[in-house]
Amino acid sequence: MPVLTSIAPDLVAPLFASGLKPLNIAGRELLPIVQGGMGVGVSAHRLAGTVAAAGGVGTLSSVDLRRLHPDLMAATRTLPPGEGAKTAIDAANLVAIEREITAARALSQGRGLLAINVMRAISAYAAHVKHALECGIDAVVVGAGLPLDLPDLAAEHPKALLVPILSDARGVALVVKKWERKRRMPDAIVIEHPGLAAGHLGAARVADVNDPRFDFERVIPETVAFLRSAGLEQVPVIAAGGVRNHADIARLQALGAAGVQLGTPFAVTQEADAAPEFKAVLAGARPEDVVEFVSVAGLPARAVRTPWLEKYMLAEPRLQQTAQVKSRCTKSFDCLAQCGLRDGKVGWGQFCIDHQLGLALDGDTDKGLFFRGAGVLPFGAEIRPVDALLRHLLTAA
């Protein structure tokens, strides 16, 4: 049996017994399992560091990580509205990113891969990418928009891995074409199914999330064929959305995927960085409790129908009718480059997403917004450790 130094020693045998192929990326052989980035604060150093230590890809989410640091929240929570508040909050989040990368690196013990997910839609996108790279993150993963400028932001870090999240082969071809002009190619590509994933989804409208053009059986072979035609057959394709067991991974690898990405199953592990009540809401949700709606970022989103979301969806038509441009963000943060609430965008969400996700992080089951993927979770309503989830995924039924 080969020695795989990037994988925890006690998981090497289960990987080979599984019949699954390891994920080869940047010269490392890893578990074919990527933990997706989940904000606000759900996937921070505890979760990402633990997954990396096992030999997978552990992913921090850069969005408002200050919420996990009491001193940073104390310094920014009650600032009066204005540009000064935004500047202070942005600065606090850069401090939090550095702290979380450092702590995750210590937990990883030099194994696996550490990534950070930065939403293209946030106002501090460029600053977060640059700072994470300066802090030595292994990979930058970008979704919620096309990261056409990511090679420019990473120009001074040629060894860092750049990974776009897309939903179809057409998007892959566009990114590759644009990046080729910048003499940088993706180091991996995440193909996320809008009909299965959690949070913000890669479809134009809620009605489109289950369109057959997004089916893995179509998109993965098309993407692999395109990469081969472009001389990029070494770029691994990672399938995201709805993965729950060994059979799912085997099926996706047979289609041409090199690995899989999971979000919600990791969000309900013991090591995930959110409150226990947050995990209970996700783990206890039935399929009929999970709904799609339009986020304040203008993208379709999927979450648990909690009391707050139920009330919001009933009030949304009225809120849409009265949407108007505001002089400033109601929370002094301006977290999004374009915000339905702040910018009065009809058809976009009309709520403060950072506030609602922050309440969920803290376990407020009445007022929080709880993003969740579709489908039953591997352990039902149980909250188990990362190690148990990984072993479940590596074990054939």
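Our subject is the structure that appears above.
What you see is a predicted model; the values in this text were computed from it and never measured.

Another point: helix 12 (residues 307-321). If you check helix 12, its first and last C-alpha atoms are 22 Å apart, about what 15 residues at 1.5 Å a residue would give, namely 21 Å. Its maximal kink placed at A315, helix 12 deviates by approximately 50°, while the proline P317 follows within four residues. For helix 12, the set of buried residues is W308, L309, Y312, A315, E316 and Q320. Packed against the buried residues of helix 12 are strand 12 (290-294), strand 13 (300-304) and helix 14 (353-361).

Considering all chains together, one arrives at 20 salt bridges under this definition. Where D71 meets R99, a salt bridge forms, and the shortest distance between an N and an O atom there is 2.8 Å. Here D71 is found in helix 3 (residues 70-76), whereas its partner R99 is found in helix 4 (residues 83-108), with 28 residues between them in sequence. A relative accessible area of 41% means that D71 is categorised as partly exposed. With a closest N to O distance of 2.9 Å, R391 and D387 form a salt bridge. With a gap of 4 residues between them, R391 and D387 both fall in helix 15 (residues 386-394), about one helical turn apart. In the salt-bridge network here, residues are joined through shared partners; they are D64, R66, R67 and D354.

Strands sit in the order 9-13-12 across an open sheet of 3 strands; the sheet is antiparallel. Two strands lie at the open edges of the sheet, namely strand 9 (199-200) and strand 12, each paired on one side alone. Here strand 12 runs beside strand 13; their pairing, made up of 5 bridges, is antiparallel. What sits directly across from F293, in strand 13, is A301. The strands touched by helix 12 are strand 12 and strand 13; relative to strand 12, the strand with the most contacts, the crossing angle is about 40°.

Another aspect to go through is the packing of helix 2 (residues 45-54) against helix 4. As a packed pair, helix 2 and helix 4 sit with axes 7 Å apart at the nearest point and diverge in direction by 30°. Read as a crossing pair, helix 2 and helix 4 show a hand that is right-handed. When helix 2 is examined against helix 4, the residues H45, R46, G49, A52 and A53 are found in contact with a partner set consisting of E100, A103, A104, L107 and S108. Grouping the amino acids of the contact of helix 2 with helix 4 by side-chain chemistry returns 5 nonpolar, 3 polar and 2 charged.

Running from N to C, helix 4 and helix 5 (residues 125-134) point in directions that differ by 35°, and their axes come no closer than 10 Å. For helix 4 against helix 5, the interelement crossing comes out right-handed. Contacts from N93, L94, I97, E98 and I101 of helix 4 reach helix 5 at A127, H128, H131 and A132. A per-class count over the contact of helix 4 with helix 5 returns 5 nonpolar, 3 polar and 1 charged.

A separate point is the pairing of strand 4 (residues 57-61). Along strand 4, 5 of the 5 residues are buried, which leaves the element largely enclosed by surrounding structure. Every second residue of strand 4 is oriented toward a common face, with V57, T59 and S61 on one face and G58 and L60 on the other, all of them buried. Summarising the sheet, strand 4 and strand 5 (residues 113-119) pair through 5 bridges and their orientation is parallel. Residue pairing across strands places L60 opposite I116, the latter belonging to strand 5.

Along the polypeptide, T59 turns up in strand 4. A polar side-chain atom of T59 sits 2.6 Å from the main-chain carbonyl oxygen of Q35. With residues near it in sequence (within four places) discarded, T59 still touches V34, Q35, G36, G37, S43, A48, A115, I116 and N117.

Turning next to empty space enclosed by the protein. All chains considered together, the criterion is met by 4 cavities of 30 Å³ or more. Size it by volume and the largest cavity reaches roughly 120 Å³. Around the largest cavity, the lining is made up of 15 residues, and of these C329, C335, C339, L341 and C352 lie nearest the centre. Counting only elements with at least two residues in the lining of the largest cavity, the list comes to helix 13 (340-343) and helix 14. Residue composition of the lining of the largest cavity, grouped by class: 10 nonpolar, 1 polar and 4 charged. Empty space within the second largest cavity amounts to approximately 80 Å³. Lining the second largest cavity we find 13 residues, and of these V34, V57, V141, V163 and I238 sit closest to its centre. Elements that contribute at least two residues to the lining of the second largest cavity include exactly strand 1 (23-25), strand 5 and strand 6 (139-143). Taken together, the residues of the lining of the second largest cavity sort by class into 12 nonpolar, 1 polar and no charged.

Quick notes on the rules
- Residues numbered from 1 in each chain as written.
- Predicted model: local features only at pLDDT ≥ 70, side-chain atom pairs only at ≥ 80, totals over all residues.
- Heavy atoms only, no water.
- Helix = DSSP H or I, 4+ residues; strand = E, 2+ residues; numbered from the N terminus.
- Expected span 1.5 Å × (residues − 1).
- Bend = angle between axes of the 7 residues up to and from the residue.
- Buried < 20%, exposed > 50% of the residue type's maximum accessible area, 1.4 Å probe, protein only.
- Contact = heavy atoms within 4.5 Å.
- Salt bridge = Lys/Arg side-chain N within 4 Å of Asp/Glu carboxyl O.
- Pairing = 2+ DSSP bridges.
- Axes fitted to C-alpha atoms, helices over the stretch in contact; angles between N-to-C directions.
- Left-handed = near helix turned anticlockwise from the far one by under 90°.
- Nonpolar A, V, L, I, M, F, W, Y, C, P; charged D, E, K, R; others polar.
- Polar contact = N/O pair within 3.5 Å; in protein donor to acceptor, adjacent residues only side chain to side chain.
- 1 Å grid on protein atoms, 1.4 Å probe; cavity = no way out; pocket = protein on both sides within 12 Å on 5 of 7 lines; lining within 4 Å.
- Points joined across faces, edges and corners; volume = space filled by probe spheres on them.

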